[in-house]
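Letter by letter, the chains look like this.
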Amino acid sequence: MAETVIQIENAVVSYREDVALRGVSLRVMSGEFVGVIGPNGSGKTTLLTIVNGLGKLVSGRVTVLGKPVANGGRHELRKQVGYVAQVDNIDPRMPMSVREVVMVGRYGVLGLFKRPGKRDWAIVDEALELVGMSHLANRPIGHLSGGEQQRVSIARCLSQEPKLFLLDEPTASLDWKAQTEILELVKRIHDERHLTTLFVTHDLDALPHTCDRVVLMKEGLIFAEGSPDKLISAESLSRLYDLPLSVVEERHPHIHKRKA
Ligand code: ADP
C-alpha cells in the first residue's frame, strides 16, 4: 500500500494582515503527481512553503515523510525536498558554471564545508545528462535561455536526491515549446525517480496529461480536489477564476469539449 508522504491538517498561515491559508487539509501519497492551480494570491506558494519547512503555521499540523515539519528537524527534511521556482533573472556576469550551480544542490546534502568528492560530481553529471544539459555544463550560468535555466534548476534539485519534488510555476515566462518540454521533463523525472510531486502551475492545458490529481485553491482554501478529467472543466474553472463560463469556453475550447 502507498504510504502518506504529505499530511496537512487544518493549516492556517498568515503574513501580517493577510491570511494566506485559512484551514487547509491535504494528503498526498507516495508516487502521486498532484497539480495545484488557482488565481494569484490564492495560497499556492504558501502551501509549498509549509511542506518544505519554510512557512510558519499559525495553527494546524504538517507531516512530511513521516516527520512533523513545524518542530525542528527542518534541515534534515529540506535535504529530502527538492524545490524549483520560476525563472530567475541571473546576472550574466555571475562567475559560476552550469555544473557548479548544479553542485550547489549537493551542498545541502554534504554540508557547506565538506568538499564534493568523485561520487558527488558523478551525481551532478548524471543529473545534467537527465535534463539534457551535459553539452552546456561549462557555460556560465548567466548565459542560458529561460528553458535551459529551468533544466539547470531541475538538475540542481535532483543532485540533492530528493524524495519529494515541489515546483512553483516552473514554466511561467517560458515560450510555448519550452513550457511543453519542461513539463514533459518533469513528468519523466517523476516517473523515473519514483518521486512524489506537487506542481503549481497556470498551464491548465497541460495538466490533465500530467497529473494524477488536481487541487484547486481559492482565497486560502482548497476549493475542490479530484481527478483532472472532472475538475478541469469549463464549469469548475469559471467558478475557480470567477470568470463567465463563455470566457473559459472561448479560451480553452478543448477543455470545454472534455467536460463530464
Ligand atoms: P499564490 O501562490 O496562489 O499566488 P501566495 O501563497 O503567494 O499565493 O499568497 C497568498 C496570500 O498571502 C496573498 O494574499 C499574498 O499577498 C500573501 N503573501 C504571500 N507571501 C507574503 C509575504 N511574504 N508577506 C506578506 N504577504 C504575503
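Residues numbered from 1 in each chain as written. Predicted model: local features only at pLDDT ≥ 70, side-chain atom pairs only at ≥ 80, totals over all residues. Heavy atoms only, no water.

### Topic: the site of the ligand
Worth spelling out the cut-off: Being near a molecule or strand, for a residue, comes down to having at least one heavy atom within 4 Å of it. Polar contacts, as counted here, are pairs of nitrogen or oxygen atoms within 3.5 Å of one another; within protein the pair requires one atom able to donate a hydrogen and one able to accept it, and residues that are adjacent in sequence qualify only if both atoms are side-chain atoms. Helix and strand definitions here come from DSSP, where helices need a minimum of 4 consecutive H or I residues and strands a minimum of 2 consecutive E residues; each element is numbered from the N-terminal end.
Lining the immediate environment of the ligand, one finds Tyr 15, Asp 18, Ala 20, Pro 39, Asn 40, Gly 41, Ser 42, Gly 43, Lys 44, Thr 45 and Thr 46. The side chain of Lys 44 places a nitrogen or oxygen atom 2.8 Å from an oxygen atom of the ligand. Every element with two or more residues in the shell around the ligand is listed here: strand S2 (18-29) and helix H1 (44-51). No other element matches H1, which puts three residues into the shell around the ligand.

### Things to note about the sheet that holds S2
In sheet architecture, strand pairing relies on hydrogen bonds along the backbone and comes in two forms, parallel and antiparallel. Condition: Any two strands are treated as partners once DSSP identifies two or more bridges connecting them. Working rule for contacts: check all heavy atoms of both residues, and any pair within 4.5 Å makes them a contact. In this description, a line fitted to the C-alpha atoms serves as the axis of each element, helices being fitted only across the stretch in contact, and the angle between N-to-C directions of two axes falls anywhere from 0 to 180 degrees.
Strands sit in the order S2-S1-S4-S5 across an open sheet of four strands; the sheet is antiparallel. Edge strands, defined here as strands with exactly one partner in the open sheet, are S2 and strand S5 (67-68). Note: strand S1 (residues 4-15) against S2, nine bridges, orientation antiparallel. Residue pairing across strands places Ile 8 opposite Leu 26, the latter belonging to S2. Here H1 sits on the sheet in contact with S1, S2 and strand S4 (59-64), set at roughly 120° to S1.

### Focus: the nonpolar core
As a reminder of what qualifies: Definition of nonpolar core: a set of buried residues of the types Ala, Val, Leu, Ile, Met, Phe, Trp, Tyr and Cys, connected through side-chain atoms within 4.5 Å. Each residue is placed in one exposure class: buried if its accessible area under a 1.4 Å probe, protein chains only, is under 20% of its type's maximum, exposed if it is over 50%, and partly exposed if it falls in between.
Counting 47 residues, the largest nonpolar core has Ile 154, Phe 165 and Ile 189 as the members making the most contacts within it. Element by element, the count of residues in this core is highest for helix H6 (residues 176-192), at six residues. Setting aside anything within four residues of it in sequence, one finds Ile 154 in contact with Val 84, Val 131, Phe 165, Ile 182, Leu 185, Val 186 and Ile 189. Counting residues in hydrophobic clusters, the runner-up holds 26 residues, among them Leu 26, Val 34, Leu 77 and Met 217.

### Points about the packing of helix H3 (residues 98-110) against helix H5 (residues 146-159)
Stated formally: Roughly parallel here means an angle under 35 degrees, roughly antiparallel means over 145, roughly perpendicular means 65 to 115, and every remaining angle is called oblique. The crossing is said to be left-handed when, going from far helix to near helix, the turn is anticlockwise and less than a right angle, and right-handed when the turn is clockwise. Gly is placed with the polar residues, together with every amino acid not listed as nonpolar (Ala, Val, Leu, Ile, Met, Phe, Trp, Tyr, Cys and Pro) or charged (Asp, Glu, Lys and Arg).
At a closest axis distance of 6 Å, the pairing of H3 and H5 adopts a crossing angle of 40°. Between H3 and H5, the crossing angle belongs to the class labelled oblique. The two elements H3 and H5 cross, and the hand of that crossing is right-handed. Contacts between H3 and H5 involve Val 98, Val 101, Val 102, Val 104, Gly 105 and Arg 106 from the first element and Val 152, Ala 155, Arg 156 and Ser 159 from the second. A per-class count over the contact of H3 with H5 returns six nonpolar, two polar and two charged.

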